[in-house]
Amino acid sequence: MNLRHLEIVEAVAETGSFTGAAKKLFITQSAVSHAVAELEAQAGTALFDRLPKGVSITPCGRSLLEESRGILIACRNLDRRMAHLEEDTPLHIVSSITIATSLLPAILERFLGTYPHLKVSARVVSADAVIDVLRHGDADIAFWEGPAPREGFAIIPLGSYRLKAACSPRLSLPRQPLSLPQLCRYPLLLRERGSAIRDTFDRLLAAESLAAEPTWESVNSLALVKAAEAGLGVAVLPENLLSEPVSAGRLQEIELRAAAMENQMFAMFHQNQYLTKPLQLLLDTVQNCLALDSPGL
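Residues numbered from 1 in each chain as written. Predicted model: local features only at pLDDT ≥ 70, side-chain atom pairs only at ≥ 80, totals over all residues. Heavy atoms only, no water.

(A) Examining the confidence of the model for the protein chain more closely. In this model, the protein chain carries an average pLDDT of 90, and 96% of its residues clear a pLDDT of 70 or more. Mean pLDDT across the elements of the protein chain bottoms out in helix H5 (residues 85-88) (69) and peaks in strand S7 (residues 188-191) (97). (pLDDT = per-residue confidence, 0-100. Helix = DSSP H or I, 4+ residues; strand = E, 2+ residues; numbered from the N terminus.)

(B) Main features of the nonpolar core. The biggest cluster of nonpolar side chains holds 55 residues, and the ones touching the most others in it are Ile141, Phe143, Leu158, Leu183, Phe201, Ile254 and Leu282. Per-element accounting of this core gives the leading share, seven residues, to strand S6 (residues 153-167). Those residues in contact with isoleucine 141 that sit more than four places away from it in its chain are His92, Ile93, Val94, Leu134, Ala267, Met268, Leu279, Leu282 and Leu283. Residues Leu25, Val32, Val36 and Leu65 belong to the second largest nonpolar core, which totals 17 residues. (Core = buried A, V, L, I, M, F, W, Y, C linked by side-chain atoms within 4.5 Å. Buried < 20%, exposed > 50% of the residue type's maximum accessible area, 1.4 Å probe, protein only. Contact = heavy atoms within 4.5 Å.)

(C) Representation of the pairing of S7. Because side chains alternate across S7, one face comprises the buried residues Leu188 and Leu190, and the other comprises Leu189 and Arg191, equally buried. Inspection of the sheet shows S7 paired to strand S8 (residues 216-218) by three bridges, in the parallel sense. Bridging across to S8, leucine 190 finds its partner in glutamate 217. Crossover connection from S7 via helix H10 (residues 196-206) to parallel S8: handedness right-handed. (Pairing = 2+ DSSP bridges. Right-handed = clockwise from strand over helix to strand, strands pointing away.)

(D) Just the packing of helix H1 (residues 3-15) against helix H3 (residues 29-43), in detail. One way to put it is that H1 packs onto H3 with a least axis distance of 10 Å and a crossing angle of 110°. Compared by their axis directions, H1 and H3 come out roughly perpendicular. Contacts between H1 and H3 pair His5, Ile8, Val9 and Val12 from the former with Ala31, Val32, Ala35, Val36, Glu38 and Leu39 from the latter. Of the residues assigned to the contact of H1 with H3, the class counts are eight nonpolar, one polar and one charged. (Axes fitted to C-alpha atoms, helices over the stretch in contact; angles between N-to-C directions. Parallel < 35°, antiparallel > 145°, perpendicular 65-115°, else oblique. Nonpolar A, V, L, I, M, F, W, Y, C, P; charged D, E, K, R; others polar.)

(E) Highlighting the side chain of serine 68. Counting through the fold element by element, serine 68 comes out in helix H4 (residues 59-81). From its side chain, serine 68 meets the backbone oxygen of leucine 65 in a polar contact 2.9 Å long. (Polar contact = N/O pair within 3.5 Å; in protein donor to acceptor, adjacent residues only side chain to side chain.)

(F) Inspection of helix H2 (residues 18-25) at higher detail. Within the span of H2, buried status applies to Phe18, Gly20, Ala21, Ala22 and Leu25. Each element contacted by the buried residues of H2 is listed here: H1, H3, strand S1 (48-51) and strand S2 (54-57). Two or three places before glycine 20, at the opening of H2, serine 17 has a side-chain oxygen 2.8 Å from that residue's backbone nitrogen.

Pasting the structure below:
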């Protein structure tokens, strides 16, 4: 038994004849007769009574038809949706935490404002987990920060951000720029290992044979800002997260005698990946945001 057999049973029941069913389905009468005979052989009973003028469905035939109604309706609904499957399927995004709190909301606001009928699912993880999620096929596109990504991915550069050190004005720090060894003598408020922010800072320390021993370690950048405002130590975070509390006087920036700490940001996807229409529209939105120099970017 297959879907076509069920359609034939339905057509015969509705038209009352094999000839009528054949015309309705645009097939031959012999094809209708053959399909009904196959089903009756499989069921071991008659599905239609053959009458002098047409046919009449039997109780067993009616039972089969009633059970098949849901299947036929579901298949017809799916057939109508086939041309819109891409639009109906959620676009899966994975993003590092920092980009999710800065760039991504502005990008998705513009995207969904233009294409409100499209569905988007976003997952926010640490930077070191972003690549794994994308590689395993659990996301269509990733927003990632750090060094240039590995081979195998198509990338769209999204710019960069600088990392700064800041603490409460109540902490007594020298006015002159600090060296990294001097900075490490103070309580450090840092992001967790595996975050792009922490990895960049750790690489800078490692270049001078240093290692961070944070007093606070958090996946939440805002928690570190609040800890720094409370005078609990020195936070190393993206400049844009520190600019408001520094401007308000709740924090003071610490000048460092070290190379600038900077993270690159990228949108990335598999090089050989099939680009669905929603994904292509999102990529276009990202490019448009960059071209327009959106405040979010």
